[in-house]
Amino acid sequence: MRIRLKVVLVALLATLLIVFAFSPLFAAGFLASDYAALLDGSTEHGVGTHGALRFAKPLSTWSLELSRVLWGVPAFDGHGWAAAFVRGENLVLHLTAALGLGWFTRRLLLPWAGSEQSQAVARASTLLFALHPLAVTAVADVGARGDLLGLALSTLACAAFLRGRQDRRYSSAVCAVLLAILAGLASDLALGIPPLLFTCEFVSSHRYRPFRVRARTALTTFVIFGAAVSVDLVFHVVRSGTGELPPVLGALFVGEPVRALQWGIEKLGLLVLPSNPVVQGVFGVAIAGTVFLLAMQPALIAARSAPRLWGWLLAGWVVALCVSGLLHADVRVTSGQIWLASALLPSVAVMCVGMALGSTALSGPRRPYIAWAVAVGYSIVAHGNARPWVSAAQITAELRRDLRGATDVHRSSRMFVLDPPGAFEGLEPVGGALAFLTHPDLTSTDDAARAPEDGTEWSAERVRGLSLDAFLAFVPEPEFAERIAEPGGLCVVYPRDAIGVAGQAGGLMRRPFRLLARAQRDASADAPLYEWTTSLTSPAIDLDVLEASALRVTLPDGVDPSALGELSWRTKLDAVPNRGAVPGVSTNGSGGAALVFDLGASLAWRLGGRVRLLVFADAAQAIGRATVLRALPSLGDLAPRTRGDDWVFAEPVLPGGEASGGRYFLTLLDVDALQVETFPAAQEDGGLRFAGANAVRERVGENAPIAWILDYRIGHRAVARTRGRR
């Protein structure tokens, strides 16, 4: 009776710790990568694989498809029960992997440590792996389904193999082979099974046999299980006719071993201190460090009495950590990128075995208490690691709601999402899966409404996320004109505060959207678009904001430029009246005092619709002449020259002898990726040098188009600009 009560109490305490550790996840909705994994039917876009899979693993795909069928789409609303159910499935797989790890650990240590010690280590391994703070990421991330499933099957396969070899149960050995095949169909993590069982056969299966016999049987084991876990890879090669190295091992064979080693050291630090410092700060790091030292301290005491045994155990543990780190060696994981930590699942399992071995090293009644103290500490840290998913899911849900509004109105349009949410408390709410927030299954329950008006099917490439600077740099490019000339035009979704509108309007972001239609532009014409004199208010005009990029105002003699104030405008869109203002920059050239307004640097201008009036509302004196231009005044006919990693330009010519005192900046736009980088100029004899600009050109690739923009800025605003392509 006492034994049964003890078992019940232990099970109850373990359950409470697990519930506490993972409870925040079940109050959180999905992130964008979760939607991608469910809707795409694979883990290709998920955090668990980090976009690295070249082909989907069938067992993982079928598991996600089953989850989708069970819990329904579009029931994935980010706030309902669907996310809790799917993460509940992940948690079951994780706990299964923990049980399998415990069974395997017991069999592995049984010939060396005896029944009592191996059983204690097995129980501690199960408990610590179930509660490890980095396991939170795998349970939270739907894209980690394949790795969780593969790890659970792998640990069960290894445990079944050792049981079959140690007890001479051939049925268990056959079961191990079948489980290994299934693990290979679920995840590339199964590639770790052959070397692991090779070692186990050598050291823990009838270890008193002659060396030659053990070597032969170990090699046979490696071949059999190597073939078992490669079944899916062979089928893929036969089906596609191409052979590809599994990306889970790719970093070792693509000329990046040094980088993989550097990242491995970072990962080891995260394994020792598995806390999200962005959320938990020093408190979480202190608990994690204390827990690690507490677990290792008994091993140091035990090593004094049996240094040889513990020396071999420590060496084996270190080797196992290094080998497990080879899986997903091409993924960098740091404490600031906790959302990628599911790549460390195999290393987490090895770390937990080592800590379980250390925490149970002392004999007597105090043996289990240290392991339980470690488990309590891990539960606290894991709870803190799980909390960011609640807020990140709210950000995702808010963005999805706004994108749904834009998609319902402009279903056939391409979409640019400006400044999508970035890293948040160690997580990526959107990441590379932004497009899936506009998936038809999430935006409409009406099948007829899911098809775009132009008859094309939904495509992830129709939705792009980019920064405000990249969008503004892209507008004058010919590729932008092609985008807005397509059927449906271009729908731009932007944050409210990006155009000077304060307040959140009851939401986290509340992104309005704007449809940009084809502009009637004549890029070769040098004539000004509009001109007027004297008045502080322009005549009634019809101005295309995508065509006009600058305004130059000359002032009468004696007029203070600061008295003119900012330029504001009124548009023909009633919903967006007077949607912004642009300050001017004072220059003094051969034509006298002038103000230059860089309209193209204002998102409010670019998205304002057609302008009907330009106003200097705060001006106290009349102007001389106002000229609306297609572009800022040019710096001359310039072209970059390559010098190592740098670009060099000849000395620019300031238009009209504009006043000095400014600085030159070079902006490079990757036209395909829609990413920008800006470089300040270093003055040298006869020209300008921009350090690192050519390195960007080489990184992007010679065949990719690069647009460059050379600005002359006074303060933070440009007064002259030259553009080109390279």
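Residues numbered from 1 in each chain as written. Predicted model: local features only at pLDDT ≥ 70, side-chain atom pairs only at ≥ 80, totals over all residues. Heavy atoms only, no water.

Caption draft 1: Representation of the pairing of strand 3 (residues 490-493). What you see with strand 3 is no split at all: Leu490 and Val492 on one side and Cys491 and Val493 on the other are buried throughout. Taken together, the four bridges between strand 3 and strand 4 (residues 513-516) define a ladder with antiparallel strand orientation. When the bridges of strand 4 are listed, Val492 appears paired with Arg514. (Buried < 20%, exposed > 50% of the residue type's maximum accessible area, 1.4 Å probe, protein only. Helix = DSSP H or I, 4+ residues; strand = E, 2+ residues; numbered from the N terminus. Pairing = 2+ DSSP bridges.)

Caption draft 2: A look at the pattern of salt bridges. Throughout the structure, instances matching the rule amount to 23 salt bridges. Between Glu201 and Arg209 there is a salt bridge; the shortest N-O distance is 3.0 Å. Judged on exposure class, the residue Glu201 and its partner Arg209 are both buried. Here the residues in one salt-bridge network are Glu477, Glu479, Arg723 and Arg725, joined through shared partners. (Salt bridge = Lys/Arg side-chain N within 4 Å of Asp/Glu carboxyl O.)

Caption draft 3: Spotlight on the nonpolar core. Of all hydrophobic cores here, the largest spans 92 residues; its most connected members are Phe129, Ile193 and Met355. Here Met355 is in contact with Leu128, Val291, Phe292, Ala295, Met296, Trp317, Val374 and Tyr378, once residues within four sequence places are set aside. Membership of the second largest hydrophobic core comes to 50 residues, among which are Phe471, Ala548, Ala619 and Ile709. (Core = buried A, V, L, I, M, F, W, Y, C linked by side-chain atoms within 4.5 Å. Contact = heavy atoms within 4.5 Å.)

Caption draft 4: How the structure looks around the packing of helix 12 (residues 277-305) against helix 14 (residues 345-359). Between helix 12 and helix 14, the shortest axis-to-axis distance is 6 Å and the interhelical angle comes to 55 degrees. By the criterion of interaxial angle, the relationship of helix 12 to helix 14 is oblique. Considering how the two elements wind past one another, helix 12 and helix 14 form a crossing that is left-handed. On helix 14, the residues that touch Val291, Phe292, Ala295, Met296, Pro298 and Ala299 of helix 12 are Met351, Gly354, Met355, Gly358 and Ser359. Across the contact of helix 12 with helix 14, the residue classes tally to eight nonpolar, three polar and no charged. (Axes fitted to C-alpha atoms, helices over the stretch in contact; angles between N-to-C directions. Parallel < 35°, antiparallel > 145°, perpendicular 65-115°, else oblique. Left-handed = near helix turned anticlockwise from the far one by under 90°. Nonpolar A, V, L, I, M, F, W, Y, C, P; charged D, E, K, R; others polar.)

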